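Each chain is listed here by its residues.
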Amino acid sequence: MNATIALILLQDGLTSGLIYGLLALSILLVFLVTRVLWVPAGDFLVLGALTLAVLRQGEVPGTVWILAGLAAVTAIVETWRAWRAGDWRGWPRLIALVVVPSAAAVLATLWLAPQNAPVPVAILLVLALVTPIGFLTYRLVFRPMVDQPTLTLMFVAVAVHYVLTGLGLTAFGSESFRSPPFLPGRLDVGFTRLSYQLLIVLAVSAALMAALGLFFGRTLWGKALRATAMQRFGARLVGIRTESMGALAFTIAALIGAVSGVLIGPMTALYYDSGFLVSLKGFVGTVMAGMASFPLSVLGALLVGLVETGASFYASPFKEAIVFGLLVPFLLWRSAVQIRTRGKGHE
Amino acid sequence: MTSLLQARGIEVRYGESEAVRGLSLAVGPGQIVTVLGPNGAGKTSLLKALMGALPCRGEIRFDGEPIHRLSLEERAEIGLSLVPEERALFGEMSVADNLELGGFLRRHEDARTRREAREEIYRLFPRLRERAGQLASTLSGGERQMLALGRALLARPRLLMLDEPSLGLAPRIVREILDAIAGLRDRGMSLLLVEQNARAALRIADYGYVIERGAVAMEGSAADLRDNPAVAATYLGGSAAG
Ligand SMILES: Nc1ncnc2c1ncn2[C@@H]1O[C@H](COP(=O)(O)OP(=O)(O)O)[C@@H](O)[C@H]1O
Ligand SMILES: [Mg+2]
């Protein structure tokens, strides 16, 4: 292999690694705040990518109907819950949260999509359509299950994944989609030529990660999310509602998924059911980091991207096997470290 | 005098076993009421039930209103606060961030008022100011208790419930913390103070309940309890600090 190929592989690996890294962040956030293993992370990515592809064809994406239906069902179910509990105190605000953003996104899309909206507008529409789906999924499915064991939550997450896949099939059909590139070609930087796609992914994911870092480190709501993740009882004692934090975590996760979908859209052809494998690669990143650290999860996901690209060049039939095989030495190493530190803990 | 907190017939059970059996108590405005009792008497279960962290039977009124149906967070919103036995601090966050989150319910007040409130906590416990940037998990036992108390105070609760604030602390620190608690009462706050350290608690309390196996065994003014030979024999013997 010569240096040119190596540099191109490195670029491809970094590009997909960054996208897995974004998903890893959403998976970890949802897990730490709600204990839900966020299996549908990749489905949100796919939803974002396919929505963008259809919008760029100047058509109305089926996402509009998924969102409208979900919002309607959630509004009905929440009304029924309020009626049954005889407790209407939170109802008006909740219905506003369920209906207003969804209706705005749906109406804006119906209006703008046939007019062949410019790319930045199409991207905003994708984010506006996909993000509320995270919030609605939480309200409809996971909030009523806060007290369920982690294993139950995981199976429910798998069920949600299948429902989303089915909705994706209905909305987009079984053919593949690929958006046109935002900027075709490569930038000559002397020793190599960097693809614009890599530069865009790099810039956007760096900006998103920096924004998340500021949000968690500096803002009251970001700190409240971290507080809920590390000490739920303490967080409730200071008045932080666990269910608000769950809704916030799911909303941010869906936003991250939508952004990753926009980024990956021009890179590969995606089908309605491509999400699962992408989720699993995000999981490999977070598990390598012990399901605990945001920066380490991103590093793990970068490694996944690099190994995957290398493997697809050298041994493409074993590409997935090699990626998931990465977990084994890492888990062995982590458990060895854990046993050693636990031994020290007894001193 | 009408009570700020009035609990009647509180029962808490864990499956088959009953930790609190039909217990009644009241806390008046501006009072320190202490609940004394041996390990396992049901003190922690009682406080958690009053705060809404454990399901219970019985009637709880706060400021005359029944609060039985309110969740823990809703009780925090109307002015109840609990410093639990385990402190429940945000260990991987700085002291300053813990305090900031203590003011979560006051987030709509302007920034200056909130900063002033934090300053007040730093004046009450200067040690916290020195440690402001340090992670809560790296604090000593006494500092952790000060932080837990400070965090609870930043919500400016009307009723503060404390579960064994002196537990595991050196006598000098116990005195410092109990003096701070007495100071809160003098500024009009109501407190429900659970203690095993009866001598220390009765020194600052106005009224006290002694509970055994989940029920009130004795109650009376703090002075009466201090002079009561039965209390003295069981709880004031030995070398309790304070
Ligand atoms: N989570 C629990 N499950 C079962 N029993 C419990 C639990 N917590 C406390 N208990 C029991 O309830 C009784 C009262 O405990 P607790 O309220 O912690 O008493 P105290 O705070 O006075 O030491 C004890 O007998 C204890 O064993
Ligand atoms: Mg206790």
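Residues numbered from 1 in each chain as written. Chains lettered and ligands numbered in written order. Predicted model: local features only at pLDDT ≥ 70, side-chain atom pairs only at ≥ 80, totals over all residues. Heavy atoms only, no water.

Caption draft 1: Quick peek at helix H11 (residues 275-288) of chain A. Residue and element names in this part refer to chain A. Between its first and last C-alpha, H11 extends 20 Å over 14 residues, near the 20 Å set by a 1.5 Å rise per residue. Those residues of H11 that sit buried are Gly275, Val278, Ser279, Lys281, Gly282, Phe283, Val284, Gly285, Thr286 and Met288. In the stretch just after H11, Gly290 is the one whose phi turns positive, near 75 degrees. (Helix = DSSP H or I, 4+ residues; strand = E, 2+ residues; numbered from the N terminus. Expected span 1.5 Å × (residues − 1). Buried < 20%, exposed > 50% of the residue type's maximum accessible area, 1.4 Å probe, protein only.)

Caption draft 2: Focus on the layout of surface pockets. Size it by volume and the largest pocket reaches roughly 1900 Å³. As for the largest pocket, its lining consists of 48 residues, and the residues nearest its centre are A:Arg139, A:Arg143, A:Arg241, A:Glu243 and A:Ser244. When contributions to the lining of the largest pocket are tallied by element, the ones reaching two or more residues are helix H1 (3-34), helix H3 (63-85), helix H4 (91-112), helix H5 (119-142), helix H9 (232-237) and helix H10 (242-264) of chain A together with helix H2 (72-77) of chain B. Take the lining of the largest pocket: its biggest share by element is eight residues, from H10(A). Among the residues forming the lining of the largest pocket, the class breakdown is 22 nonpolar, eight polar and 18 charged. Here the lining of the largest pocket gathers at least three residues from each of two domains, domain 1 (1-79 + 159-242) and domain 2 (90-156) of chain B. In this structure, the second largest pocket is lined by 29 residues; those nearest its centre are A:Ser16, A:Ile264, A:Met267, A:Thr268 and A:Glu308. (1 Å grid on protein atoms, 1.4 Å probe; cavity = no way out; pocket = protein on both sides within 12 Å on 5 of 7 lines; lining within 4 Å. Points joined across faces, edges and corners; volume = space filled by probe spheres on them. Nonpolar A, V, L, I, M, F, W, Y, C, P; charged D, E, K, R; others polar. Domains from an automatic or database assignment.)

Caption draft 3: Fine view of the nonpolar core. In terms of nonpolar packing, the biggest core is built from 98 residues, with A:Val36, A:Trp38, A:Leu45, A:Phe142, A:Leu225, A:Ile240 and B:Leu101 touching the most fellow members. Top element by residues in this core is H10(A). It accounts for 13 residues. Residues in contact with A:Phe142, not counting those within four places in the same chain, are A:Val36, A:Trp38, A:Thr137, A:Leu153, A:Val156, A:Ala157, A:Val160 and A:Phe250. (Core = buried A, V, L, I, M, F, W, Y, C linked by side-chain atoms within 4.5 Å. Contact = heavy atoms within 4.5 Å.)

Caption draft 4: Molecular detail of the interface of chain A and chain B. Tallying the contact residues gives 22 residues for chain A and 27 residues for chain B. Across the chain A/chain B interface, buried area totals approximately 2200 Å², and carbon plus sulfur atoms make up 63% of it. In this assembly, chain A and chain B are joined by five salt bridges. At the boundary of chain A and chain B, one finds five residue pairs in polar contact (both at pLDDT 80 or more). (Buried area = accessible area lost by both parts, 1.4 Å probe. Salt bridge = Lys/Arg side-chain N within 4 Å of Asp/Glu carboxyl O. Polar contact = N/O pair within 3.5 Å; in protein donor to acceptor, adjacent residues only side chain to side chain.)

Caption draft 5: Here's a closer look at the coordination of the magnesium ion (ligand 2). All names here are of chain B. Coordination sphere of the magnesium ion (ligand 2), protein contribution only: Thr44 (OG1) and Glu85 (OE), at 2.0 to 2.5 Å. Taken as a pair, Thr44 in helix H1 (residues 43-51) and Glu85 in the loop between strand S6 (80-83) and helix H3 (95-102) lie far apart in primary sequence, 41 residues in all. The class of Thr44 is partly exposed, set by a relative accessible area of 24%. The exposure class assigned to Glu85 is partly exposed, which follows from its relative accessible area of 25%. (Donors = N, O, S within 2.8 Å, 3.2 Å for Na, K, Ca; no water.)

Caption draft 6: Structural context of the environment of A:Val262. Within the fold, A:Val262 resides in helix H10. On a C-alpha basis, the gap between A:Val262 and A:Thr242 in space is 30 Å, while along the polypeptide they are 20 residues apart.

Caption draft 7: The UniProt feature "transmembrane region" (unreviewed entry) in chain A, seen in detail. Mapped onto this numbering, the UniProt entry annotates "transmembrane region" (unreviewed entry) at residues 17-34, 64-82, 94-113, 119-141, 153-174, 194-216, 245-264 and 321-337 of chain A. Annotated as 91% helix and 9% strand, the span residues 194-216 of chain A places its first and last C-alpha atoms 32 Å apart. (UniProt positions renumbered as here; feature names shortened; annotations may be inferred.)

Caption draft 8: A look at the packing of H3(A) against H5(A). Residue and element names in this part refer to chain A. One can describe the packing of H3 onto H5 by two numbers: an axis separation of 10 Å at closest approach and a directional angle of 30 degrees. When the interaxial angle is binned, H3 and H5 end up roughly parallel. When you trace H3 past H5, the crossing you get is left-handed. Mapping the contact onto sequence places Thr63, Val64, Ile66, Leu67, Leu70, Ala71, Val73, Thr74, Val77, Glu78 and Arg81 in H3 and Ala128, Leu129, Val130, Pro132, Ile133, Leu136, Arg139 and Leu140 in H5. (Axes fitted to C-alpha atoms, helices over the stretch in contact; angles between N-to-C directions. Parallel < 35°, antiparallel > 145°, perpendicular 65-115°, else oblique. Left-handed = near helix turned anticlockwise from the far one by under 90°.)

Caption draft 9: Geometry of the site of ligand 1. Residue and element names in this part refer to chain B. Around ligand 1, the neighbouring residues are Tyr14, Ala19, Pro38, Asn39, Gly40, Ala41, Gly42, Lys43, Thr44 and Ser45. Gly40 places a polar main-chain atom, nitrogen or oxygen, 2.7 Å from an oxygen atom of ligand 1. Taking Ala41, its main chain carries an N or O atom lying 3.2 Å from an oxygen atom of ligand 1. In isolation ligand 1 has 560 Å² of accessible area, and contact with the protein removes 57% of it. (Near = heavy atom within 4 Å. Areas by Shrake-Rupley, 256 points an atom, 1.4 Å probe, with all protein chains shown as cover.)

Caption draft 10: Layout of the confidence of the model for chain B. Residue and element names in this part refer to chain B. Of the residues in chain B, 97% reach a pLDDT of 70 or more, and the chain-wide mean stands at 93. The model gives residues 238-242 a pLDDT under 50, and that stretch makes 10 contacts with residues more than four places away or in other chains. Among the prediction metrics, the complex's ipTM stands at 0.94, with pTM recorded as 0.91. (pLDDT = per-residue confidence, 0-100.)

Caption draft 11: Highlighting a nonpolar patch on the surface. All names here are of chain A. On the surface, a nonpolar cluster with roughly 390 Å² of combined accessible area is contributed by Val60, Trp65, Leu107 and Leu110. Topologically, Leu107 is positioned in helix H4. Take Leu107: its relative accessible area is 57%, and that puts it in the exposed class. (Patch = residues over 30% accessible without salt bridge, like charges linked within 9 Å, V, L, I, M, F, W, Y side chains within 5 Å.)

Caption draft 12: Layout of the packing of aromatic side chains. Applying the stated rule across the entire model yields 12 aromatic pairs over all chains. Summarising the aromatic geometry, the rings of A:Tyr138 and A:Phe250 are spaced 5.1 Å apart at their centres and angled 45 degrees between planes, so their arrangement reads as tilted. Here the residue A:Tyr138 occupies a position in helix H5, and A:Phe250 occupies one in helix H10, the gap between them amounting to 112 residues. The exposure classification of A:Tyr138 matches that of A:Phe250, with both residues buried. Their ring planes at 25 degrees and their centres at 5.7 Å tell us that A:Phe216 and A:Phe294 sit as a pair that is stacked. Of this pair, A:Phe216 sits in helix H7 (residues 196-218) while A:Phe294 sits in helix H12 (residues 294-314), placing them 78 residues apart in sequence. Judged by its relative accessible area of 12%, A:Phe216 is buried. One aromatic cluster in this structure is built from A:Trp38, A:Phe44, A:Tyr138, A:Phe142 and A:Phe250. Above the face of the B:Phe104 ring, B:Arg107 is positioned so that its terminal group lies 4.3 Å from the ring centre. Over the ring of B:Phe90 we find B:Arg151, and its NZ or CZ is 4.7 Å from the ring centre. (Phe/Tyr/Trp six-rings, centres within 6.5 Å; stacked < 30°, edge-to-face > 60°. Lys NZ or Arg CZ within 6 Å of the ring centre and 35° of its normal.)

Caption draft 13: Structural detail: the domain arrangement of chain B. All names here are of chain B. Entries for chain B in the domain assignment read domain 1 (1-79 + 159-242) and domain 2 (90-156). Computed over C-alpha atoms only, the centres of domain 1 and domain 2 are separated by 24 Å. Here domain 1 and domain 2 share an interface that buries about 1100 Å² over both sides, 76% of which is from carbon and sulfur atoms. In terms of surface lost to domain 2, no three residues of domain 1 exceed Glu176, Ile177 and Ala180, which account for 32% of the buried area on that side. Joining domain 1 to domain 2, the criterion identifies two salt bridges. Close ionic contact of Arg127 with Glu176 constitutes a salt bridge, the shortest N to O distance being 3.5 Å. Linking domain 1 with domain 2 are two residue pairs in polar contact (both at pLDDT 80 or more), by the criterion used here. Only H2, strand S7 (159-163) and helix H7 (171-186) provide two or more residues apiece to the side of domain 1 that touches domain 2. Looking at which element gives the most residues to the side of domain 1 that touches domain 2, the answer is H7, with six residues.

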